[in-house]
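Residue-level structural notes
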Amino acid sequence: MAPKSFLLACLLAFTLQFFFSPPVSSSASLLSTSKESSSMKDLIKLGEGCVSHPEDVSVVVRKGALYTATNDGWVKYFILHNETLVNWKHIDSQSLLGLTTTKEGDVVICDSKKGLFKVTEEGVKVLDPDVRFANDVIDASDGTLYFTVSSTKYTPADFYKDMAEGNPYGQLLKYDPKSNQTTVLQEGFYFANGVALSKDEDFVVVCESWKFRCRRYWLKGDRNGTLDTFAENLPGGPDNINLAPDGSFWIALIKVYMLHIVSKGLIVHMSLSGFQTTLLLGNGHSSSEELVRQNK
Ligand SMILES: *[C@@H]1O[C@H](CO)[C@@H](O)[C@H](O)[C@H]1NC(C)=O
Ligand SMILES: *[C@@H]1O[C@H](CO)[C@@H](O)[C@H](O)[C@H]1NC(C)=O
Ligand SMILES: *[C@@H]1O[C@H](CO)[C@@H](O)[C@H](O)[C@H]1NC(C)=O
């Protein structure tokens, strides 16, 4: 499988829901023990076969649609009530990753090679043309955007070198729409992947794929500007993350296969995801341990 596929295809390989109140720090407490629904059959498949390598999905309740972007450059939405997939806007890109939908109904999207873009009914606007390997983005109620750069050293095609080197080249950044300026809030993430805002917008959660953990960067209060660990020892590498209506989070975990690739005398342990061309929407009740077993 091409390395790029790893980044593009990790859409909810399986999901795990956990709650941040009370805060959890061990994987044991993250695993649901619910018996009522414990298989991949409980996941609803949407748009099967119609979307090519979706990276992220963003829910717009107002329009009753799910948005996604695919590696052929299409920003698409899936109308839930009649299960219609609409090709909305096309971007000249094969490197689209995470996206978010704004209050106005626009889409902000990370292009891992070309920067951060805003897609509106009128067309595509550049927000930040300089940023590279932007992976995921979330918008705050005041229009501020928080986004991740997975690696400041490696390109998406070389993501595995980032993993092999094992140094933290990931960043959390902020884009201010009033000044059209990007600032780095925090550096030092081991592959910064998905990003989500808490319900009260008092912190952002950043998924740190190579460390199997999520970190929390505070935006308000006494801890404003500081970083701590939100969840660790996850049963897979966290990829995308989304806030659930009840304030908990959905996290897509990268399915883990340990491959030993010997190159230049270096043994690299790689985790690769299953290849999905389907949008999966989890119900959050499945035991991740069982899903891991079923996916092997
Ligand atoms: C699905 O519903 C939308 C409105 O929500 C409508 O515009 C569209 O034509 C419908 N598509 C089909 C195939 O019925
Ligand atoms: C923001 O600034 C960049 C230059 O860094 C420019 O290319 C872009 O067009 C600006 N976008 C907006 C929406 O002003
Ligand atoms: C948090 O700190 C930043 C600077 O690090 C500051 O700009 C911001 O206003 C602070 N926010 C609150 C709510 O205190």
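Residues numbered from 1 in each chain as written. Chains lettered and ligands numbered in written order. Predicted model: local features only at pLDDT ≥ 70, side-chain atom pairs only at ≥ 80, totals over all residues.

In the annotation of an unreviewed UniProt entry, the chain is listed under the name Str synth domain-containing protein and assigned to Citrus sinensis.

Observations concerning the overall build of the chain
The number of helices and strands found in the chain is 4 helices and 23 strands. Counting every position in the chain, which comprises 296 residues, the buried fraction comes to 41%. The long-range fraction of contacts in the chain, counting pairs at least 24 apart against all pairs at least 6 apart in sequence, stands at 51%. (Helix = DSSP H or I, 4+ residues; strand = E, 2+ residues; numbered from the N terminus. Buried ≥ 20, exposed ≤ 12 C-beta atoms within 10 Å, placed from the backbone. Contact = placed C-beta atoms within 7 Å.)

Things to note about the pairing of strand β15 (residues 192-197)
When you tally the buried positions in β15, you get 6 out of 6 residues, the bulk of the element. Direction of pairing for β15 relative to strand β16 (residues 203-208): antiparallel, over a ladder of 4 bridges. Along β16, the bridge assignment pairs Val195 with Val206. Counting the residues that bridge the hairpin from β15 to β16 gives 5 residues, and of these Glu201 lies at a positive phi of roughly 55°. (Pairing = 2+ DSSP bridges.)

Some details on the site of ligand 2
Neighbouring ligand 2 are Lys125, Val126, Leu127, Pro129 and Asn180. Residue composition of the shell around ligand 2, grouped by class: 3 nonpolar, 1 polar and 1 charged. (Near = placed C-beta within 6 Å. Nonpolar A, V, L, I, M, F, W, Y, C, P; charged D, E, K, R; others polar.)

A closer look at the nonpolar core
Note that soluble globular proteins tend to have their nonpolar side chains buried in a common cluster. In terms of nonpolar packing, the biggest core is built from 59 residues, with Ile109, Val137, Phe147, Val195, Val204, Val205 and Val206 touching the most fellow members. Tallying contributions element by element places strand β20 (residues 249-254) first for this core, with 6 residues. Apart from residues lying up to four places away in sequence, Val205 is in contact with Val195, Ala196, Cys214, Arg216, Phe230, Ile241 and Phe249. (Core = buried A, V, L, I, M, F, W, Y, C linked by C-beta atoms within 7 Å.)

Here we look at the sheet that holds strand β9 (residues 115-120)
Taken in spatial order, the 4 strands of this open sheet run β7-β8-β9-β10, and their pairing is antiparallel. At either end of the open sheet lies a strand with only one pairing partner, and these are β7 (96-101) and β10 (123-128). On average, each strand axis in the sheet is tilted by 25° relative to the strand beside it, whichever way the strands run. Taken together, the 5 bridges between β9 and β10 define a ladder with antiparallel strand orientation. Its bridge partner being in β10, Leu116 is matched across the sheet by Asp128. (Axes fitted to C-alpha atoms, helices over the stretch in contact; angles between N-to-C directions.)

Some thoughts on the confidence of the model for the chain
The predicted model of the chain averages 73 in pLDDT, with 65% of residues at 70 or higher. Here residues 1-46 scores under 50 on pLDDT; set against residues more than four positions off or in separate chains, the count is 116 contacts. Counting interchain partners and residues more than four positions distant, the pLDDT-below-50 stretch residues 257-296 has 97 contacts. (pLDDT = per-residue confidence, 0-100.)

A few points about the pairing of β9
Where strand β8 (residues 107-111) and β9 come together, 5 bridges link them in antiparallel fashion. Note on β9: the bridge partner recorded for Val107 is Val119. Between β8 and β9, which pair antiparallel and follow one another directly, the connecting turn spans 3 residues. Connecting β9 to the next strand, β10, in antiparallel fashion are 2 residues.

With respect to the sheet that holds strand β17 (residues 213-218)
Strands belonging to one sheet form pairs held by backbone hydrogen bonds; the direction of such a pair is parallel or antiparallel. Taken in spatial order, the 4 strands line up as β15-β16-β17-β18 in an open sheet, and their pairing is antiparallel. The sheet terminates laterally at β15 and β18 (227-231), the two strands that pair on one side only. On average, each strand axis in the sheet is tilted by 30° relative to the strand beside it, whichever way the strands run.

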